[in-house]
Amino acid sequence: MVSAGILSPELAILVLVQFDKSMTEALETQVKSKVFIKGHLHTYRFCDNVWTFILQDAVFKNEETVENVGRVKIVACDSKLLTQ
């Protein structure tokens with residue numbers, strides 16, 4: 001949307017920050033199931049309090065289903081940093 005001129009870069013950042021806060025709140029209050037992830041750790045990185053993991057041949061498993069994924073990128077940060 002920024003490259004198409006629909007949103008300014010500043011507004012896009014504000015939208016993303018609000019989305020992250022909303023998603024964090026929803027995950028903390030509404031999600032009750034657990035998912036187990038297993039796979040080959042291809043790459044990991046920690047920069048600016050953000051972890052990035054790239055898994056190959058990943059398997060996502062919960063109580064009901066098992067899903068195989070060829071490659072997955074997981075980005076994780078401390079949710080307390082989002083509220084500052």
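Heads up: these notes are all about the structure in this document. (Residues numbered from 1 in each chain as written. Predicted model: local features only at pLDDT ≥ 70, side-chain atom pairs only at ≥ 80, totals over all residues. Heavy atoms only, no water.)

1. Re the overall build of the chain
Condition: The numbering of helices and of strands both runs from the N terminus, where a helix is a DSSP run of H or I of at least 4 residues and a strand a run of E of at least 2. It is over C-alpha atoms that the radius of gyration is taken, and the globule rule equals 2.2 Å times the number of residues to the power 0.38. The accessible surface values rely on the Shrake-Rupley method and a 1.4 Å probe; as for residues, cover is taken only from the protein chains in view.
Each helix and strand in the chain was counted, giving two helices and three strands. What you see in the chain, going N to C, is helices and strands ordered as α-β-β-β-α. Radius of gyration (C-alpha) of the chain: 16 Å, far over the 12 Å computed for a compact globule of 84 residues. Seen along its three principal axes, the alpha-carbon backbone of the chain occupies a region of about 40 × 30 × 25 Å. When the accessible surface of the chain is totalled, it reaches about 7200 Å², and 58% of it is carbon and sulfur.

2. Quick notes on the side chain of Thr 52
In plain terms, the rule: When checking whether two residues touch, look at their non-hydrogen atoms; a contact exists if any pair is within 4.5 Å.
Along the chain, the position of Thr 52 falls in strand S2 (residues 50–61). Setting aside residues no more than four positions away along its own chain, Thr 52 makes contact with Thr 43, Tyr 44, Arg 45, Lys 73, Ile 74 and Val 75.

3. Quick notes on the packing of aromatic side chains
Keep this limit in mind: A pair of Phe, Tyr and Trp rings is counted when the ring centres sit within 6.5 Å of each other, with Trp represented by its six-membered ring. The angle between the planes then sorts it: under 30 degrees is stacked, over 60 is edge-to-face, the rest tilted. Relative accessible area decides the class of each residue, using a 1.4 Å probe on protein chains only: under 20% of the type maximum gives buried, over 50% gives exposed, and in between gives partly exposed.
Following the criterion strictly, the structure yields two aromatic pairs and no others. Seen in terms of ring centroids, Phe 46 and Trp 51 are 4.7 Å apart; in terms of plane orientation they differ by 40°. Their pairing is tilted. A residue is classified by how much of its surface remains accessible, and Phe 46, at 46% relative accessible area, is partly exposed. Under the relative-accessibility criterion, Trp 51 is labelled partly exposed at 35%. When the ring of Trp 51 is compared with that of Phe 53, the centres are 5.6 Å apart and the planes differ by 10°; the resulting orientation is stacked.

4. A look at unusual backbone geometry
Phi is positive for Asn 49, which is not a glycine, with a value near 60°. Position of Asn 49 among the secondary structure elements: in the loop between strand S1 (36–47) and S2. The backbone phi angle of Asp 57 is positive, close to 50°, even though this residue is not glycine. Residue position: Asp 57 is located in strand S2.

5. Looking at the pairing of S2
Cut-off, in case you're wondering: At least two bridges found by DSSP between two strands is the condition for calling them paired.
Pairing of S1 with S2 involves ten bridges; the strand directions are antiparallel. Looking across to S2, one finds that His 40 is bridged to Gln 56. Between S1 and S2, which pair antiparallel and follow one another directly, the connecting turn spans two residues, one of which, Asp 48, has a positive phi of 55°. Note that S2 and strand S3 (residues 66–77) share eleven bridges and pair antiparallel. Note that in S3 the partner of Trp 51 across the bridge is Ala 76.

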